[in-house]
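# Survey of secondary and tertiary structure
Listed here are the chains, written in short residue letters.
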Amino acid sequence: MLKRLRKSALLAVAALLLGGTVACNSSDGTGGTSSVTGEGDSAPANNSGGKVPGQCTNPVELDMFVDATWYPFQDWSGEIPEAITKATCVKPKVTVATDDKQLALMVASGSLPDLVVSFNFKLMSDSKLSLPYNEIFPQYARNVKFDPVKEFVNTVSDGNYYAIRNDFSTESEWKANPYAHMMTAGLAMRKDILEEIGNPPIKSLEDLNSVFLQVKQKHPEMSPLILNPNWLRPYFDTQFGAQGGFVDEGGKLVYYLKQNALRKSALYMNSLYRNGFVSSENFAYKNESETEQMMLANKGFAYTWTYAAADRLNADGKGKYPFVQLAEPLGPEAKIVSTGTGGLGVYVTKNNKDVEASVRLLEYMFTEEGWRLGEWGIENQDWTWNDQGYPEFKYDNNDLESIKNKGVYWWGVPWESGVGMALTSYKEGSETTRQGEHYDKIISFNPAIGMIAPDTDSPEQIIKTNIDNMIKTEITKVYLAKDEHQANQAFDDLLIKADKMGIEKLESWANAQYGPYKEKYDSLTKK
């Protein structure tokens, strides 16, 4: 259940990708957040913000708005929040959004609280609303040094950065943490049925088609493939090397629809339908719980989801039907480009009544000690660190009720790194880990692309939204075409419509920014 809630937070990112691109990453060489280096200021303090020895008896109360309707914690309570307050002498008073318009209304009315936790980087990275980290940290926590790449990917046009967003790790951090595996799209399959047909090797899409055909012949009552509606095509995009969003082709950006690899992936989806491996009704499903229940009711053989699909199905189905992950990429074209720059940011608003206390909380939570306390719990009591480089938990970190009672995990999320998030999911011998070990080999990094995002209501944002909506509604014509010729024609129609909507103008705007961003990123990573 926890992972299902967590996945909801990531779907907004995944929906933008529409392909194999992984957008989230970040952290240090030991699994905590190395956004902060230096000793940090985690000594207890009084409510005026000054450091004092001994226990914190009167913590500073700060209003914190969490701009995420799905957030499972409605207040700052439990063993872990209490431990964080003891370390920082800060006690947030939490309000969770009731809808996705609430933050915008607060901005319009000038009624922002002390702290805002939000995915809305564009809105909150504004000097009229928020205080820059690059000003308040040197003033109140001068020992703190953020990673230069993390500063860069969070810096906006005014030269400031107003947050260090979660779920971002640098390429070097990922490579330094071999037990941290980035979340990717995946395909789960019924282990018992694979054994029934002789466990044939699946090294290519042709091999996969052969397996689907055998399943269709032996089990006509079962669909060879069921597509999760939130993960329809990303797994197959990955196999063809198709990316989401803007894509670097020879040093210039094109919008993802123009990739030949994307056409190949869409045409492959059409072949799955024409061969009877997936039903036309599947493309109309909206609820992923519905498709998961179909898998658990013996109605499907294979299922597109994330790299955790098999482990999730095994857990949710209580082992009734055994699932395994198709762990290896299916051919030399398979690749993933991680363009992510992060997700949730914690913003110190201009209405903040105690900036020093706010920085003290942030400083502690960005440290390895603070981040791990928030997400994993108390070391040696709740988890231990395996010397090989990953945490081992003493409680079920997928049990939402026990997690809510402790107040653990979700108060680490706003400060977690990509590597830290991945280490939370690491389990030796699991299907998730097995796929992660293989897919790490085909991931490359280019967050300079992820920095390119149009402003709300800008001409470029309008073009992008129109194109994305058009693709969302029209691409089903490619999937359900009667033959490959008609599928190709339907894909050509998408390109014609996108051209009329201004796709070249969108690409021109993106390329004007991409060169400087890429040059700066390359210079930082070569140091």
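As a reminder, the structure under discussion sits directly above these lines.
Residues numbered from 1 in each chain as written. Predicted model: local features only at pLDDT ≥ 70, side-chain atom pairs only at ≥ 80, totals over all residues. Heavy atoms only, no water.

## Concerning helix α2 (residues 79-88)
Quick reminder: α-helices carry 3.6 residues per turn. Residues three or four places apart thus point the same way. Looking only at α2, the buried set comprises Ile80, Pro81, Ile84, Thr85, Ala87 and Thr88. Mapping the buried residues of α2 onto a view down its axis gives an arc of 165°, with all of them on the same face. Projecting away from the buried face of α2 at angles above 90 degrees are the exposed residues Glu82 and Lys86. Close packing links the buried residues of α2 with β2 (90-96), α14 (355-366), α15 (368-376) and α16 (400-406). Cys89 sits one or two positions beyond α2 and adopts a positive phi of about 60°. (Buried < 20%, exposed > 50% of the residue type's maximum accessible area, 1.4 Å probe, protein only. Helix = DSSP H or I, 4+ residues; strand = E, 2+ residues; numbered from the N terminus. Arc of directions from axis to C-beta. Contact = heavy atoms within 4.5 Å.)

## Topic: the sheet that holds strand β9 (residues 323-325)
Strand order in the open sheet made by the four strands is β5-β8-β4-β9, with mixed pairing throughout. Either end of the sheet is taken by a strand with one partner, and the two such strands are β5 (223-227) and β9. Here the strands of the sheet are splayed against their neighbours by 25° on average, with no regard to which way each runs. Inspection of the sheet shows strand β4 (residues 185-190) paired to strand β8 (residues 300-306) by five bridges, in the antiparallel sense. The residue bridging Gly186 from the neighbouring strand is Trp305, located in β8. Across the sheet, helix α13 (residues 309-316) is in contact with β4, β8 and β9; its angle to β9 comes to roughly 165°. (Pairing = 2+ DSSP bridges. Axes fitted to C-alpha atoms, helices over the stretch in contact; angles between N-to-C directions.)

## Section: unusual backbone geometry
Its identity as a non-glycine residue notwithstanding, Lys318 has a phi of 55°, on the positive side. Lys318 sits in the exposed class, given a relative accessible area of 76%.

## A word on the sheet that holds strand β1 (residues 60-67)
The strands making up a sheet are joined through hydrogen bonds of the backbone, oriented either antiparallel or parallel. The four strands lie next to each other as β2-β1-β3-β11, forming an open sheet whose pairing is mixed. Two strands in the sheet have a free side with no partner beyond their single neighbour: β2 and β11 (345-348). The sheet shows a mean angle of 25° between the axes of neighbouring strands, taken without regard to direction. Where β1 meets β2, seven bridges bridge the pair, whose relative direction is parallel. What sits directly across from Phe65, in β2, is Thr95.

## With respect to the environment of Ala302
You can see Ala302 is positioned in strand β8. Separated by 22 residues in the primary sequence, Ala302 and Val324 place their C-alpha atoms 9.5 Å from one another. Setting aside chain neighbours within four positions, we find Ala302 in contact with Leu187, Ala188, Met189, Phe212, Pro224, Leu225, Ile226 and Met295.

## A look at the environment of Ser523
By the element assignment, Ser523 lies in helix α23 (residues 503-525). Residue class for Ser523 comes out partly exposed when judged on its relative accessible area of 33%. Linking Ser523 and Val149, residues 374 residues apart in sequence, is a C-alpha distance of 9.9 Å. Within polar-contact distance, the side chain of Ser523 engages the backbone oxygen of Lys520 at 2.6 Å. (Polar contact = N/O pair within 3.5 Å; in protein donor to acceptor, adjacent residues only side chain to side chain.)

## Re the nonpolar core
Within the largest apolar cluster, 161 residues are counted, with the highest numbers of intra-cluster contacts made by Tyr133, Leu208, Phe236 and Phe301. A per-element tally of this core places α14 first, with eight residues. Setting aside chain neighbours within four positions, we find Phe236 in contact with Leu205, Leu208, Leu225, Leu227, Ser265, Tyr268, Met269, Leu272 and Thr304. (Core = buried A, V, L, I, M, F, W, Y, C linked by side-chain atoms within 4.5 Å.)

## Things to note about the state of the cysteines
In total, this model carries one disulfide according to the counting rule given. Disulfide pairing is shown between Cys56 and Cys89; the S-S distance is 1.9 Å. Its S-S torsion of approximately 70° makes the covalent link between Cys56 and Cys89 right-handed. Placement of Cys56 in the loop between α1 (2-17) and β1 and of Cys89 in the loop between α2 and β2 is noted, with a sequence separation of 33 residues between them. (Disulfide = S-S within 2.5 Å.)

## Section: the pattern of salt bridges
Using the criterion set out here, one finds 20 salt bridges in the structure. Note that Asp468 and Lys464 form a salt bridge whose closest N and O atoms lie 3.2 Å from each other. Of this pair, Asp468 and Lys464 both sit in helix α20 (residues 459-474), separated by four residues, roughly a single helical turn. Residues Asp468 and Lys464 agree in their burial class; the two are buried. (Salt bridge = Lys/Arg side-chain N within 4 Å of Asp/Glu carboxyl O.)

Worth remembering: the numbers are spatial, not functional.
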